[in-house]
Amino acid sequence: DIPSLLLMLGNDYSTWLNNPTWSLVWEMRVSLLFPLLVIPVIRWRMAGVVAVAVGLWVALTVSQAIAVANPAETAMLGRPHLTFYYAAFFLMGVVLAYYRDVLTRLGSMGGGDMSIIMVVVGLWIWFTNWAVQPELMKGVGAALIIVASVSAGLPRQLLITAPVQWLGRVSYSLYLVHVPILLVAEYSLFQYLPHSMIALIAIPSALVIAELFYRAVEGPTHRLGRYLVKRRAARAVDQKSSPEIA
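Description of the structure in this document. (Residues numbered from 1 in each chain as written. Predicted model: local features only at pLDDT ≥ 70, side-chain atom pairs only at ≥ 80, totals over all residues. Heavy atoms only, no water.)

### Examining the nonpolar core
Moving on, step 1. Judged by nonpolar contacts, V30, L37, V38, V41, V49, V52, L56, A87, L91, V94, V95 and Y99 together constitute the single largest core of twelve residues.
Moving on, step 2. Apart from the residues within four sequence positions on either side, L91 is in contact with L37, V41, V49, V52 and A53.
Moving on, step 3. If you look at the next biggest cluster of nonpolar residues, it comprises eight residues, including V170, L174, I181 and A206. (Core = buried A, V, L, I, M, F, W, Y, C linked by side-chain atoms within 4.5 Å. Buried < 20%, exposed > 50% of the residue type's maximum accessible area, 1.4 Å probe, protein only. Contact = heavy atoms within 4.5 Å.)

### Observations concerning the pattern of salt bridges
Moving on, step 1. If you walk through the whole model with that rule in mind, you get two salt bridges.
Moving on, step 2. A salt bridge links R169 to E211; the shortest N-O distance between them is 3.0 Å. Residue R169 is located in helix α10 (residues 162–189), and its partner E211 is located in helix α11 (residues 195–245); the two are separated by 42 residues in the primary sequence.
Moving on, step 3. The closest approach of N and O atoms between R215 and E211, which form a salt bridge, is 2.6 Å. Note that R215 and E211 are positioned in helix α11 at a spacing of four residues, about one turn of the helix.
Moving on, step 4. On the basis of relative accessible area, E211 is assigned to the buried category, the value being 11%.
Moving on, step 5. Because the salt bridges share partners, they merge into one network encompassing R169, E211 and R215. (Salt bridge = Lys/Arg side-chain N within 4 Å of Asp/Glu carboxyl O. Helix = DSSP H or I, 4+ residues; strand = E, 2+ residues; numbered from the N terminus.)

### So, the environment of I116
Moving on, step 1. If you trace the backbone, I116 turns up in helix α7 (residues 113–127).
Moving on, step 2. Judged by its relative accessible area of 37%, I116 is partly exposed.
Moving on, step 3. When the C-alpha atoms of I116 and A152 are compared, they prove to be 9.9 Å apart, with 36 residues separating the residues in sequence.
Moving on, step 4. When near neighbours in sequence (up to four residues on either side) are disregarded, I116 contacts L154 and P155.

By themselves these figures say nothing about function.
What follows is the structure in structure tokens.
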């Protein structure tokens, strides 16, 4: 269990303590490929998007064949071939970021009425049981909701209120800590309290601990990351300019 946790293998051993950590594995793996997702889009726009999508499909097909031939190793390594599958969702995010201005103008049409339509359509796509590629379709629905959220209109007005802003700030920390808190509360109290009362205790506790986790872990990690990036950028500038000064 411990090697699987430390190496973030994403197998059955590494997620049993806190199953939401399954997504961290894919975030880490796709981050290694991220420049290959971004650079073609920046350089060739939609042609780059198509090229990356085709490349991911080819990589998934080949790696899937290797995985089928080596089932035990694939299971122990947490099905690494699916990295190329989950990278498709990150590609959606790259497209949203690159075309943000165009998409927000579209979502702001009609004085913001289009943003409400996007939310409704996005939710309809999300909750529909699609026969083909249901997860990718959910990604499309989520993308519409994201565009609506950053466009002018009622969705954005609701999301910029202080309570929702706070919830958004701690949402990743909440995602990481909520399952252990709910399980500890359930296993500790189920003999004494009904499930509804346990939920009334566990949910506020999860929100409080999420705030503490953000202050102690997530926030400092963000600051450390920004510091390291700035320091490396400064070194690169110094190295580039020093021959010219000499």
